[in-house]
Amino acid sequence: MAAKVAQEIRLGDLFVKEGLITEQQLQEGLAESKTTGTRIGYALVHLGFVAEEELTRMLARQYRVPAVDLSKVTVDAKILKLIPANVAQKHLVLPLRRVGRMLTVAMTNPTDFSAIDDLKFLTGYSIEVVVASEVTIRDAIEQYYEEKVTMRDILGDLD
């Protein structure tokens, strides 16, 4: 947990350093993040202090991985089947494409090695990570997995 907080503070500090938010806005974002249990970037977007595009750009810069705009990507249903909805929600990941033995996934935290290891084990593929904001990943998971999640919820209620 301490590593997560330190990492988020650095992201917030990047926004302050770039002049995109004030120190006061950062403190409000950190408080919102702590209260809601979300990441600082999600909180800053939710509060309207930062645009999603800026968040994604900063995440890519912070983690030194490519960024992806999920609104411009269409994911094939066969690729979605590689990662079940509950796993996608748990780790906030979205499978994007497969080339050979390499599966590219969008994540909010490319340094979440336990999530990457879970995905490797589950899929049997090597994992290539790109970064996207939490807001867009949550929206994409909801969009792509909506029917599966709804059906799973219905079946779960019957048990």
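Keep in mind that this is a model prediction, so the values were computed, not measured.

Criteria and thresholds
- Residues numbered from 1 in each chain as written.
- Predicted model: local features only at pLDDT ≥ 70, side-chain atom pairs only at ≥ 80, totals over all residues.
- Heavy atoms only, no water.
- Helix = DSSP H or I, 4+ residues; strand = E, 2+ residues; numbered from the N terminus.
- Buried < 20%, exposed > 50% of the residue type's maximum accessible area, 1.4 Å probe, protein only.
- Polar contact = N/O pair within 3.5 Å; in protein donor to acceptor, adjacent residues only side chain to side chain.
- Contact = heavy atoms within 4.5 Å.

Colleague: Can you walk me through the side chain of Thr123 in this structure?
Modeller: Relative to the helices and strands, Thr123 is located in helix α7 (residues 113-123). Using a relative accessible area of 14% as the deciding quantity, one classes Thr123 as buried. Within the structure, Thr123 has its side chain in polar contact with the backbone oxygen of Leu119 (distance 2.7 Å). Setting aside residues up to four positions removed in sequence, Thr123 forms contacts with Leu82, Ile83 and Leu103.

Colleague: Teacher, can you tell me more about the environment of Thr22 here?
Modeller: By secondary structure assignment, the location of Thr22 is in the loop between α1 (2-17) and α2 (23-36). Of the residues examined, Thr22 reaches a relative accessible area of 42% and is grouped as partly exposed. A sequence separation of 10 residues divides Thr22 from Gly12, and the C-alpha atoms of the two residues are 9.7 Å apart.

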